[in-house]
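Letter by letter, the chains look like this.
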Amino acid sequence: MTRILVLNGPNLGRLGTREPEVYGTQTLDDLRRILSSDAGGHDIVVRQTDAEGELLGWLYEAIDTETPVVLNAGAWTHYSYALHDAVEMVTSSGVPVIEVHISNPHAREQFRHTSVLTAVATGVIAGFGFDSYRLAVTQLVR
């Protein structure tokens, strides 16, 4: 494995300024640096979008290139059946997708307790800040 896609959904481009008491003060650029330093020669590609169709396209890319995915789908986690179906296509093709959350959704508002992705993801890591991503990458490179 030489490449891992780290895909982020809506509002995650505002990390560092969005609810720092929940999401911390680090940015996606900080995440990119952290994961790259942990990657041990693997190519970490960090992307963020507020457009659901773009995220779907990246998941199709993961299938076509057999590239493992770390996915923080943001709010789409809770209701996007299009994203559910795309993640299912990825994992059904044999490519792992690890769902991650910076915060613990189960310790927050009720609507965040449901993930339509968990049933089709390879695994889920939540509640450890940016370490959720680091744990996911570590699992993928094992």
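In this text the structure is predicted, and so the values were computed from the model without any measurement. (Residues numbered from 1 in each chain as written. Predicted model: local features only at pLDDT ≥ 70, side-chain atom pairs only at ≥ 80, totals over all residues. Heavy atoms only, no water.)

Undergrad: What is the right way to read the overall build of the protein chain from this model?
TA: The helix and strand inventory of the protein chain stands at five helices and five strands. Scanning the protein chain from its N terminus toward the C terminus, one meets helices and strands in the order β-α-α-β-α-β-α-β-β-α. Over its C-alpha trace the protein chain gives a radius of gyration of 14 Å, about what one expects of a compact globule, namely 14 Å for 142 residues. On the principal axes, the C-alpha backbone points of the protein chain span a range of 35 × 35 × 25 Å. The 142 residues of the protein chain split such that 46% are buried. By sequence separation, contacts in the protein chain at least 24 residues apart represent 79% of the contacts at least 6 residues apart. Positive and negative side-chain charges in the protein chain, numbering 10 and 17 respectively, have mean positions lying 6 Å apart. (Helix = DSSP H or I, 4+ residues; strand = E, 2+ residues; numbered from the N terminus. Rg over C-alpha atoms; globule rule 2.2 N^0.38 Å. Buried < 20%, exposed > 50% of the residue type's maximum accessible area, 1.4 Å probe, protein only. Contact = heavy atoms within 4.5 Å. Lys, Arg positive; Asp, Glu negative; His and termini not counted. Charge placed at Lys NZ, Arg CZ, Asp CG, Glu CD.)

Undergrad: Is there a simple way to explain helix α2 (residues 28-38) in this structure?
TA: For an α-helix the count is 3.6 residues per turn, leaving residues at separations of three or four pointing the same way. Every buried residue belonging to α2 is among L28, D30, L31, I34 and L35, and all of these are buried. Summarising the axial view, the buried residues of α2 lie within an arc of 150°, below the 170-degree limit, and thus occupy one face. Across α2 from its buried face, at more than 90 degrees, point the exposed residues R33 and S37. As for α2, its buried residues are in contact with β1 (3-8), β2 (43-48) and α5 (131-141). Near the N-terminus of α2, the side chain that reaches the backbone nitrogen of D29, with its oxygen 3.3 Å away, is that of T27. (Arc of directions from axis to C-beta. Polar contact = N/O pair within 3.5 Å; in protein donor to acceptor, adjacent residues only side chain to side chain.)

Undergrad: Help me understand the nonpolar core in this model?
TA: For soluble globular proteins, nonpolar side chains are generally found buried alongside one another. Ranked by internal contacts, the top residues of the largest apolar core, which has 22 residues, are V6, L35, I44, V70 and Y133. Elements with a contribution of two residues or more to this core: β1, α2, β2, β4 (97-101) and α5. Contact partners of Y133, with chain neighbours within four places excluded, come to V6, N8, L31, L35, V70, N72, V100 and I102. One finds L5, L56, W58 and A86 within the second-largest nonpolar core, a separate group that totals 21 residues. (Core = buried A, V, L, I, M, F, W, Y, C linked by side-chain atoms within 4.5 Å.)

Undergrad: Quick question: what am I supposed to make of the pattern of salt bridges here?
TA: Once the charged atoms of two side chains with opposite charge are near each other, the side chains can pair. According to the stated counting rule, one finds six salt bridges in the structure shown. The closest approach of N and O atoms between D38 and R134, which form a salt bridge, is 2.5 Å. Remark: R134 occurs in helix α5 and D38 occurs in helix α2; sequence separation between them is 96 residues. The class for D38 is partly exposed, based on a relative accessible area of 35%. Of the residues examined, R134 reaches a relative accessible area of 32% and is grouped as partly exposed. Linking D131 and R134 is a salt bridge whose minimum nitrogen-to-oxygen distance equals 3.3 Å. Residue D131 and its partner R134 are located together in helix α5, separated by three residues, close to a single helical turn. Owing to a relative accessible area of 39%, D131 belongs among the partly exposed residues under this scheme. Within this structure, R3, R47 and E61 form a network of salt bridges that share partners. (Salt bridge = Lys/Arg side-chain N within 4 Å of Asp/Glu carboxyl O.)

Undergrad: Would you take a moment to explain the environment of P105 for this structure?
TA: For P105, the location among the structural elements is in the loop between β4 and β5 (123-126). When the C-alpha atoms of P105 and S93 are compared, they prove to be 28 Å apart, with twelve residues separating the residues in sequence.

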